[in-house]
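The residues making up each chain are set out below.
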Amino acid sequence: GSSRCFATHNGRVKHFNVRRGFGFVTDTEGQDYFVHATKIKSALPYNSRSLCIGELVEFDTLEDARQPGTFMAINVTGPDGADVKGFVPRAEKKEE
């Protein structure tokens, strides 16, 4: 079992627009959820938070008050509550 008891969904990042600060994650059932940078759990400031396409994530869902019947991803983390990898521009990647 996972040490984290509040993540209700597992999935992958489908798309994330770093400049605009939002994207979509797809859960294991194939359902897409809107995700905003402010819903990514991270110590980084909101404008620096991002998700990397294809990375594994865990998240909860919340009904979108503006669009009843649609749900968005919240409390987005990496597997087991780890930090998300996020988008790293090639030029900024640290040398191994």
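That block above? That's the structure.
Residues numbered from 1 in each chain as written. Predicted model: local features only at pLDDT ≥ 70, side-chain atom pairs only at ≥ 80, totals over all residues. Heavy atoms only, no water.

Q: When you look at the nonpolar core in this model, what are you seeing that I'm missing?
A: In globular proteins that are soluble, nonpolar side chains generally tend to be buried together. Counting 13 residues, the largest nonpolar core has Val25, Leu51, Val57 and Val76 as its most contacted members. Those elements giving two or more residues to this core turn out to be strand 1 (9-17), strand 3 (32-36), strand 4 (56-63) and strand 5 (71-77). If sequence neighbours within four positions are ignored, Val25 has contacts with Arg12, Val13, Lys14, Gln31, Asp32, Tyr33, Val35, Leu51, Val57, Phe59 and Ala73. (Core = buried A, V, L, I, M, F, W, Y, C linked by side-chain atoms within 4.5 Å. Buried < 20%, exposed > 50% of the residue type's maximum accessible area, 1.4 Å probe, protein only. Helix = DSSP H or I, 4+ residues; strand = E, 2+ residues; numbered from the N terminus. Contact = heavy atoms within 4.5 Å.)

Q: Hey, could you run me through the pairing of strand 3 in this one?
A: It is a general feature of regular strands that their side chains alternate between the two faces of the sheet. Burial along strand 3 is one-sided: Tyr33 and Val35 are buried, while Asp32, Phe34 and His36, pointing the other way, are not. Two elements, strand 2 (residues 22-27) and strand 3, share 5 bridges in a ladder whose sense is antiparallel. Bridge pairing links Thr26 to Asp32 in strand 3. Hairpin connection of strand 2 to strand 3: 4 residues between the antiparallel strands, including Gly30 at a positive phi of 90 degrees. Relative to strand 5, strand 3 runs parallel, the two sharing 2 bridges. When the sheet's bridge partners are listed, Phe34 is paired in strand 5 with Met72. (Pairing = 2+ DSSP bridges.)

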